Amino acid sequence: GSPTPLPPQRSPISSSPTGGVTVVTAKPTTAELRLLHDYVRAAAIACRNERASLSLCLVEAERDQELDEESLTKIVGAACAQVGWTGALTTAVGGVRTAIVLPRCDRRRALDWFEELRLRFREAVGAEGQSGKLSVGIAAVGLPPRDLPVDEIITAAERCLYAAQSSAGDAAKSIELY
């Protein structure tokens, strides 16, 4: 049959389309983290029904001058659109950290996406004559189990993000969960 669509993206948090990707931005609140949890759970259910993989990417950017949420979400949205991920769900989860839920995306494709994101980030930062660092943590599940512990995939992506932040220069660290 046809792919199961993700549920409508309803949120009290403002949202706007960017390059075909729905980008949700807000201050990091409990509601924001709950929204991320809900996105991961909904994507996991859809991916399980389709027998497809799922990736969660946490992106954090640093540069000489503060990078605001809007700038980061535009860069992330452009990178998602460039690789054809119009179904990606993106939400700010604190500071200059953004989470991207990628249904039907395995770990290898998520790492390929990082390369596109890195190029977009370098273009944006270089155009302003600044230096900066891009860190990405990726947690992927080949086939989400029926009782996927959503907190575990979020925690795994956070651990990978922290490892990427410890690296010199732009870095992505990833893990495959079974």
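Heads up: these notes are all about the structure in this document.

Rules of the game
By convention here, each chain's residues receive numbers from 1 onward along its written sequence. It should be noted that, the model being predicted, local features are given only for residues of pLDDT at least 70 and side-chain atom pairs only at 80 or more, the latter also being counted only at that level, while totals for whole chains, interfaces and linings use all residues. Where side-chain values are given, they derive from all heavy atoms of the structure, hydrogens and water being excluded. Side-chain atoms within 4.5 Å are what join buried Ala, Val, Leu, Ile, Met, Phe, Trp, Tyr and Cys residues into a set we call a nonpolar core. Buried means the residue's accessible area, taken with a 1.4 Å probe over protein chains only, is under 20% of the maximum for its type, while exposed means over 50%, and partly exposed covers the values in between. Think of it this way: any DSSP run of H or I at least four residues long counts as a helix, any run of E at least two long counts as a strand, and we number them from the N terminus. Here, residues are in contact when the closest pair of their heavy atoms is within 4.5 Å. By this rule, a helix spans an expected 1.5 Å times one less than how many residues it contains. Directions pointing from the helix axis toward each C-beta atom define the arc.

The nonpolar side chains of soluble globular proteins are, as a tendency, buried together. Counting 22 residues, the largest nonpolar core has Leu36, Val40, Leu54, Leu56, Val101, Ile153 and Ile154 as its most contacted members. Secondary structure elements with two or more residues in this core: α1 (30–50), β3 (54–63), β5 (97–103), β6 (132–141) and α4 (150–166). Among the elements that line this core, the one with the most residues is α1, at 7 residues. Non-local contacts of isoleucine 153, meaning those with residues more than four positions away in its chain, are made with Val40, Leu54, Leu56, Ala139, Val141 and Leu177. Membership of the second largest hydrophobic core comes to 21 residues, among which are Val76, Leu102, Phe114 and Ile138.

So, about α4. In this model, α4 (17 residues) spans 25 Å end to end at C-alpha, consistent with the 24 Å of a helix rising 1.5 Å per residue. Turning to α4, its buried residues are Val150, Ile153, Ile154, Ala156, Ala157, Cys160, Leu161 and Ala164. For α4, the angular spread of buried residues about the axis comes to 160°, placing them on one side. In this structure, α4 carries Asp151, Glu152, Arg159 and Ser166 as exposed residues pointing more than 90 degrees from its buried face.

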